[in-house]
Amino acid sequence: MMNERPGWDEYFMEMAELTAKRSTCLRRQVGAVIVQEKHIIATGYNGAPRGLEHCSQREGGCLRQQLGIPSGERHELCRALHAEQNAIIQAATLGHSIEGATIYITNQPCMICAKMIINAGIRRIVVKEGYPDQMSVDILAEAGLKIVMLGDQ
């Protein structure tokens, strides 16, 4: 007897969860997958820029942890790029437009990533878990984008 197949959203979210396992962030592992017409265009996870040391390799580790900065605040003090940023950059590096795409993210995007998602032309956002950044939810709604929490469809 065949097991029940996952729906497309569940399938691509599992891919985002697998991608998150590559994360080098000491605080939160996040993965993102950009999909067009049921094809994966790009993936991303949070970590230091290409060729730079990860926080785990640096003396003192994570600056945000050292300073006691709560999640959702002071993103400019983070060494890492976010998963969404890396996925959008990967698509651009490959020369692939993501206009009209869906992005699957293990966590709700922050305000910085929300602005990038809007300008990249992504039309649908599916997330597994929330993130303490109400401003990102507000700006995405203003742009006509709704965050779909997997399971709330």
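Residues numbered from 1 in each chain as written. Predicted model: local features only at pLDDT ≥ 70, side-chain atom pairs only at ≥ 80, totals over all residues. Heavy atoms only, no water.

Named according to an unreviewed UniProt entry, the protein chain is dCMP deaminase family protein originating from Hominibacterium faecale. Entered under Sequence similarities (unreviewed entry) in the UniProt record, the comment concerning the protein chain runs "Belongs to the cytidine and deoxycytidylate deaminase family." What UniProt records for the protein chain under Cofactor (unreviewed entry) is the sentence "Zn(2+)". (UniProt positions renumbered as here; feature names shortened; annotations may be inferred.)

Novice: Report on the UniProt feature "domain: CMP/dCMP-type deaminase" (unreviewed entry) in the protein chain, specifying residues and quantitative values.
Specialist: UniProt's entry tags residues 7-148 with the feature "domain: CMP/dCMP-type deaminase" (unreviewed entry), counted in the numbering of this structure. Secondary structure across residues 7-148 divides into 34% helix and 19% strand, with the first and last C-alpha atoms of the span separated by 15 Å. (Helix = DSSP H or I, 4+ residues; strand = E, 2+ residues; numbered from the N terminus.)

Novice: Lay out helix α4 (residues 111-120) with the relevant residues and their values.
Specialist: The set of residues buried in α4 consists of Met-111, Cys-113, Ala-114, Ile-117 and Ala-120. Buried-residue contacts for α4 involve α3 (83-93), β3 (102-107), β4 (124-129) and α5 (134-142). Positive backbone phi, approximately 85°, marks Gly-121, located one or two places after α4. (Buried < 20%, exposed > 50% of the residue type's maximum accessible area, 1.4 Å probe, protein only. Contact = heavy atoms within 4.5 Å.)

Novice: Talk me through the pattern of salt bridges; I want residue IDs and the actual numbers.
Specialist: All chains considered together, the criterion is met by four salt bridges. Arg-58 is paired through a salt bridge with Glu-53; the nearest N and O atoms lie 3.6 Å apart. (Salt bridge = Lys/Arg side-chain N within 4 Å of Asp/Glu carboxyl O.)

Novice: Tell me about the side chain of Gln-108, residues and numbers included.
Specialist: Take Gln-108: it is sitting in the loop between β3 and α4. A distance of 3.0 Å separates the side chain of Gln-108 from the side chain of Ser-136, its partner in a polar contact. Residues contacting Gln-108, with those up to four places away along its chain left out, are Glu-84, Val-127, Glu-129, Gly-130, Tyr-131, Asp-133, Ser-136, Val-137 and Ile-147. (Polar contact = N/O pair within 3.5 Å; in protein donor to acceptor, adjacent residues only side chain to side chain.)

Novice: Tell me what's going on with the sheet that holds strand β5 (residues 147-149), and back it up with residues and numbers.
Specialist: Taken in spatial order, the five strands line up as β2-β1-β3-β4-β5 in an open sheet, and their pairing is mixed. Only two strands of the sheet have a single partner each, and these edge strands are β2 (39-45) and β5. Averaged over all adjacent pairs, the angle separating strand axes in this sheet is 25°, with direction ignored. In this structure, strand β1 (residues 31-36) lies alongside β3, joined through four bridges in antiparallel fashion. Bridged to Ile-34 within β3 is Ile-103. Against the sheet, α3 engages β1, β2 and β3, with an angle of about 130° to β2. (Pairing = 2+ DSSP bridges. Axes fitted to C-alpha atoms, helices over the stretch in contact; angles between N-to-C directions.)

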